[in-house]
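Spelled out from the first residue to the last, the chains are:
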Amino acid sequence: MSKSKIELDPNQYIVSKTDTKGIITYVNDYFMKISGYTQSEMIGQPHNIIRHPDMPRVMFKLLWKNISAGKDMHAVIKNRAKNGKYYWVFTAFDIHYDKDNNIDGYTAYRRGVNNRTIKKIGKLYSKLLEIEEQEGTKASEKYLKKFLDKKDMSYDQYVWSLISHNKSSSKFFAKMKKLFG
Ligand SMILES: Cc1cc2nc3c(=O)[nH]c(=O)nc-3n(C[C@H](O)[C@H](O)[C@H](O)COP(=O)(O)O)c2cc1C
C-alpha cells in the first residue's frame, strides 16, 4: 500500500455532509476523486472510513464536543485515501438546524494546507498520538490543554494562526456555504 502524499488542487474543495451521528449523506465530486471512493461506497458510511491512523483520538473528541454543542470548529486533519495515500486538509464545520432549532446535520468544507502548517501541526499530533498509545486519551487531552494554555489560545485560534497567511480563507468559506450550505 502506498504511503505517499496526495497534492490537492488549490482551486478545488472537498465537501461532505453528515447526519448528527457522522454518517455521510453527501460528498462532492472532488472528495470522490481524492479519496478514491465512489459515491455509493461513502453515502451511508460513518465518516471515519477516511480516518488516518496518525490522527490522535483526542482531536475527534474535541471536534464532536464542539460541533454537538453548536460551537464553531476548524481543524487540520490528515485523511487517508482508499489506496492508502494521505492528504492534509484545513476543515471548517458548519452546523445545520431543523425548524425546532435542534441540530440535524453537519457540513465539512476542506482545502489543502501548506507544508509549514503540516510540519507544525504534525509535530503536535505525533506527540499526542504517542501519549495516547502509552497513557490513553485523558493524558493526551491534558497535554493538548497545556500546549494551548501556553499559547493562550483555543485549538480553533491555534489553527487559524497557522493558516492565517491565507487571507482568502474566510471569503472562501462564505462562498462554500452559499454553494453547499
Ligand atoms: C461533517 C463531518 C466531517 C468529518 N470529516 C472527517 C474527516 O475528514 N476525517 C476524519 O478522520 N474524521 C472526520 N469526521 C469525524 C468522524 O466522524 C470520526 O469521529 C473520526 O474519523 C474518528 O473516528 P471515531 O469517532 O470512530 O474514533 C467528520 C465528522 C463530521 C461530523
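Whatever comes next refers back to the structure up there.
Computed from a predicted model, the values in this text were never measured in an experiment.

Criteria and thresholds
Residues numbered from 1 in each chain as written. Predicted model: local features only at pLDDT ≥ 70, side-chain atom pairs only at ≥ 80, totals over all residues. Core = buried A, V, L, I, M, F, W, Y, C linked by C-beta atoms within 7 Å. Buried ≥ 20, exposed ≤ 12 C-beta atoms within 10 Å, placed from the backbone. Contact = placed C-beta atoms within 7 Å. Near = placed C-beta within 6 Å. Helix = DSSP H or I, 4+ residues; strand = E, 2+ residues; numbered from the N terminus. Nonpolar A, V, L, I, M, F, W, Y, C, P; charged D, E, K, R; others polar. Expected span 1.5 Å × (residues − 1). Pairing = 2+ DSSP bridges. Axes fitted to C-alpha atoms, helices over the stretch in contact; angles between N-to-C directions.

Draft legend 1. Broad picture of the nonpolar core. Residues Val15, Ala75 and Val76 are the most contacted members of the largest nonpolar core, which totals 31 residues. Once residues lying within four places of it in the same chain are set aside, the contact partners of Val76 are Trp88, Phe90, Val113, Thr117, Ile121, Val159 and Leu162.

Draft legend 2. How the structure looks around the site of the ligand. Not every one of the 16 residues close to the ligand is listed here, only the nearest: Gly22, His47, Asn48, Arg51 and Ala108. Secondary structure elements with two or more residues in the shell around the ligand: β1 (14-18), α3 (57-68), β3 (73-80) and β5 (103-112). Here the shell around the ligand gets 3 residues from one element, more than from any other, and that element is α3. Classifying every residue of the shell around the ligand by side-chain character gives 8 nonpolar, 6 polar and 2 charged.

Draft legend 3. A look at helix α4 (residues 115-135). When the terminal C-alpha atoms of α4 are compared, their 29 Å separation across 21 residues agrees well with the 30 Å that a helix rising 1.5 Å per residue should span. Three or more residues of α4 are buried, namely Ile121, Tyr125, Leu128 and Ile131. Among the structural elements, α3, β3, α5 (137-151) and α6 (155-163) are those in contact with the buried residues of α4.

Draft legend 4. How the structure looks around the sheet that holds strand β4 (residues 86-97). The sheet built from 5 strands is open, its strands ordered β2-β1-β5-β4-β3 with antiparallel pairing. Only two strands of the sheet have a single partner each, and these edge strands are β2 (24-27) and β3. On average, adjacent strands in this sheet sit at an angle of 30 degrees to one another, irrespective of strand direction. Where β3 and β4 come together, 8 bridges link them in antiparallel fashion. Across the sheet, Arg80 pairs through a bridge with Tyr86, a residue of β4. Contacts from α6 reach β3 and β4 within the one sheet, and its direction differs from that of β3 by about 70 degrees.

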